[in-house]
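An overview of the molecular structure
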Amino acid sequence: MQNKQKITILDFGGQYNQLIARRVREMGVYCEILPYTKPMSEWKDASLKGVILTGGPNSVYADGAPRLGSELFEMGVPVLGICYGMHLINFLSGSQVVSAEVSEYGRTELNVDSGVLFEGVSNPTSVFMSHTDYIPSAPAGFTVNAYTESCPVAAFSDESKGMYGVQFHPEVNHTLEGRTILKNFVFNICQCDAGYKLEDQIEKMIADVRAQVGDGKVVAALSGGVDSSVASVIADRALSKGQLTCVFVDHGMMRYKEAEQVMQTYHENLGLNIIHVNAEDRFLDALKGVTEPEQKRKIIGETFVRVFEEEARKIDAQFLLQGTIYPDIIESGINGSATIKSHHNVGGMPKESMFQQEQLVEPLKYLFKDEVRYAGESLGIPHDMLWRQPFPGPGLAVRCIGELRKERLDLLRLCDWIYRDEIAKAGLSESIWQYFAVLTGVKTVGVMGDDRTYADCIALRAVITEDAMTAEVAEIPYPVLNRIVLRIIGECPGVNRVVYDITSKPPGTIEWE
């Protein structure tokens, strides 16, 4: 796809890198993410309007830290460094980056002095910090544009050279005026025009699937969730009849009556060619005695792939379609970012498989959840299907802490159904992005019917987010929470305590495992 203008994002391994791209795309400007090692000659062209250097987990002064050389100052377009990217600009300009005596993490008050990057931004404003290194003083020729109580150089610029840097992360929602800061860079500094549309990307995804698969056959890992649904519809649009077979694997860790609903929904609403594979015993046997979360995810991922391989051999399929989205890739530690948790469709892929990397069809791998929903609406997928509760591929496995046994999963299934039922009755199902119950594996003392009990503790989780990269806790009205607790205690034998998880992301993740 030809683009008259673009912003190039050079990736140094940070957790929020694709979120930067999403922010730029939602402004209507095309952008690309490239590894910092990619030669400039391969991406610098007439369409380049600006460069953003991402954050990353390294210290720029450490041996072996990812760096650019003098080419950083030869871009010929404005450059914005975010966190590690700012440190790199500073380091290559001959100024110090040192370990901070006081690390900043989370929302922080930012005092704004000046600068085109901060036009229209309040003083003070709230930003999201996440760093252990800092810049004690700006390099020669640079102006300090903002500071915090613990960080004397929280933003700087050398407008004559087109160099800008911020210590915080303007791309995350926790930075209240981050979009304004990025818009200032993209439009006021880089002089971009808004002309990029997600609809164009959908057409590109369809064309890419068609080009990748050719005359081959594809098995689609269709879980019933939003991501795999949209990916399957894209593939269905791209391929001819008989090329695509959707496989729904019931691994015994689905929500209440979910398997039946999935099969009915996809036959009646989308007309996809879908088969149902009951593999509950196979998954639970493979997971017997396993309690470590990463091991669980990898076992589930490998077992999924083995089932798909078997189904692929039956129809002589050469490709596997997955609903992988970018947060899955980021959290699984791909492309140099830190591993937060392995997603079954990324970190769980076995090395020995009939599906090699070039045989994985992943049309959504550069999109976020809200973009996937928007793409689904553009493709005509019914609203109710797109707004059903997000559900991870490993299912209840990542919400059942400890060993996965059928009786424990059945208990969690019932608690989760009661929770979702009451949220729906309260009319909150679309205002809360994701909500679910967790079997914590903790036993607590209680009193029921004048007798002592020692039973399970259930945790409730509910979050609000736009992109799954950051999330805030949903404030469920107390009367609703009270009804949920009373029903779970009264209807779920073996539970005597219910708690509500009020941890945001970060520092927590949305799922418990």
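Residues numbered from 1 in each chain as written. Predicted model: local features only at pLDDT ≥ 70, side-chain atom pairs only at ≥ 80, totals over all residues. Heavy atoms only, no water.

Here the focus is the environment of Val60. Within the element layout of this structure, Val60 appears in the loop between strand E3 (48-53) and strand E4 (79-82). The contacts of Val60, once residues within four sequence positions are left out, are Ala65, Arg67, Tyr84, His87, Leu88, Phe91 and Val97. (Helix = DSSP H or I, 4+ residues; strand = E, 2+ residues; numbered from the N terminus. Contact = heavy atoms within 4.5 Å.)

Bringing the packing of aromatic side chains into the picture now. For any two aromatic rings, the description comes down to two numbers: the centre-to-centre distance and the angle of the planes. Taken as a whole, this structure holds twelve aromatic pairs when the rule is applied. On the numbers, 4.7 Å between centres and 55 degrees between planes, the contact of Phe142 with Phe156 is tilted. Note that Phe142 is positioned in the loop between strand E6 (125-134) and strand E7 (143-147) and Phe156 in strand E8 (residues 155-158), a separation of 14 residues in sequence. Residues Phe142 and Phe156 agree in their burial class; the two are buried. Summarising the aromatic geometry, the rings of Tyr164 and Phe185 are spaced 6.4 Å apart at their centres and angled 75 degrees between planes, so their arrangement reads as edge-to-face. In this pair, Tyr164 sits in strand E9 (residues 163-166) while Phe185 sits in helix H3 (residues 178-189), placing the two residues 21 residues apart along the sequence. One exposure class covers both Tyr164 and Phe185, and it is buried. A cation over an aromatic ring shows up here: Arg399 above the ring of Phe436, its NZ or CZ 3.9 Å from the ring centre. (Phe/Tyr/Trp six-rings, centres within 6.5 Å; stacked < 30°, edge-to-face > 60°. Buried < 20%, exposed > 50% of the residue type's maximum accessible area, 1.4 Å probe, protein only. Lys NZ or Arg CZ within 6 Å of the ring centre and 35° of its normal.)

As a further point, take the pairing of strand E11 (residues 244-250). A large share of E11 lies buried, amounting to seven of its seven residues. The alternating pattern of E11 places Leu244, Cys246, Phe248 and Asp250 on one face and Thr245, Val247 and Val249 on the opposite face, and all of these are buried. In this sheet, E11 lies alongside strand E10 (residues 218-221) in parallel orientation, the contact comprising four bridges. Opposite Val218, over in E11, you have Leu244 as the bridge partner. One crossover worth recording links E10 to the parallel E11 by way of helix H5 (residues 226-238), and it is right-handed. (Pairing = 2+ DSSP bridges. Right-handed = clockwise from strand over helix to strand, strands pointing away.)

Time to look at the sheet that holds strand E14 (residues 360-361). Strands sit in the order E12-E11-E10-E13-E14 across an open sheet of five strands; the sheet is parallel. Across the chains shown, the open sheet's two edge strands, defined by having one partner strand only, are strand E12 (274-278) and E14. Of the pairings in the sheet, the one linking strand E13 (residues 319-321) to E14 comprises two bridges and is parallel in character. For Leu321, the partnering residue across the bridge sits in E14 and is Val361. Along the sheet, H5 makes contact with E10, E11 and E13, crossing E11 at roughly 160 degrees. (Axes fitted to C-alpha atoms, helices over the stretch in contact; angles between N-to-C directions.)

Burial analysis of strand E1 (residues 6-11) places six of its six residues in the buried class, the great majority of the element. Judged by which residues are buried, E1 turns out to be covered on both faces: Lys6, Thr8 and Leu10 on one side and Ile7, Ile9 and Asp11 on the other are all buried. Bridge analysis of E1 against E3 gives five bridges, and the strand direction is parallel. Considered in E3, the bridge of Lys6 is made with Leu48. As paired elements, E1 and strand E2 (residues 31-35) share five bridges and run parallel to each other.

Another aspect to go through is helix H10 (residues 369-378). Considered for burial, the residues of H10 that qualify are Lys369, Glu371, Val372, Arg373, Ala375 and Gly376. Packed against the buried residues of H10 are helix H1 (17-26), helix H4 (198-213), H5 and helix H11 (383-386).

Strand order in the open sheet made by the nine strands is E2-E1-E3-E4-E9-E8-E7-E5-E6, with mixed pairing throughout. Two strands bound the open sheet, and with one partner strand each, they are E2 and E6. The sheet shows a mean angle of 25 degrees between the axes of neighbouring strands, direction not considered. Examined bridge by bridge, strand E5 (residues 98-112) and E6 share nine bridges and lie antiparallel to one another. Directly across from Leu110, in E6, lies its bridge partner Thr125. Strand contacts of H1: E1, E2, E3 and E4, with the helix running at about 160 degrees to E2, the strand carrying the most contacts. Together, E3, E4 and E9 form the strand contacts of H3, whose direction differs from that of E4 by roughly 170 degrees.

Turning our eyes to something else, we now look at the nonpolar core. In this structure, Val230, Leu364, Tyr419, Ile423, Leu460, Ile476 and Ile488 are the most contacted members of the largest nonpolar core, which totals 90 residues. Residue contacts for Ile476: discarding those within four places in its chain leaves Tyr419, Ile423, Leu428, Ile432, Ala462, Leu481 and Tyr500. Residues Val29, Ile82, Ile181 and Phe185 belong to the second largest nonpolar core, which totals 36 residues. (Core = buried A, V, L, I, M, F, W, Y, C linked by side-chain atoms within 4.5 Å.)

On average, the protein chain scores 90 in pLDDT, and the residues at 70 or more come to 95%. Long-range and interchain partners of residues 333-345, a stretch whose pLDDT sits below 50, account for 53 contacts in this model, where long-range means more than four residues apart. (pLDDT = per-residue confidence, 0-100.)

Now for unusual backbone geometry. With an omega of 0 degrees, the peptide bond between Asn123 and Pro124 qualifies as cis. Relative to the helices and strands, Pro124 resides in the loop between E5 and E6. The step from Pro506 to Pro507 runs through a cis peptide bond, and the omega angle for that step is 10 degrees. Its location among the elements puts Pro507 in the segment after strand E18 (495-501). In this model, Gln191 sits at a positive phi of 60 degrees, which is unusual for a non-glycine residue. Within the secondary structure, Gln191 sits in the loop between H3 and H4. One non-glycine residue, Asp450, lies in positive phi territory at about 70 degrees.

Right, let's talk about the packing of H5 against H10 for a bit. Helix-helix packing is characterised by the crossing angle of the two axes and by the distance between the axes. Across the interface, H5 lies against H10 with an axial gap of 10 Å and an inter-helix angle of 40 degrees. The angle between H5 and H10 falls in the class oblique. Viewed along their axes, H5 and H10 form a crossing whose handedness is left-handed. The segment H5 lies against H10, with Val226, Asp227 and Val230 engaging Lys369, Val372, Arg373, Ala375 and Gly376. (Parallel < 35°, antiparallel > 145°, perpendicular 65-115°, else oblique. Left-handed = near helix turned anticlockwise from the far one by under 90°.)

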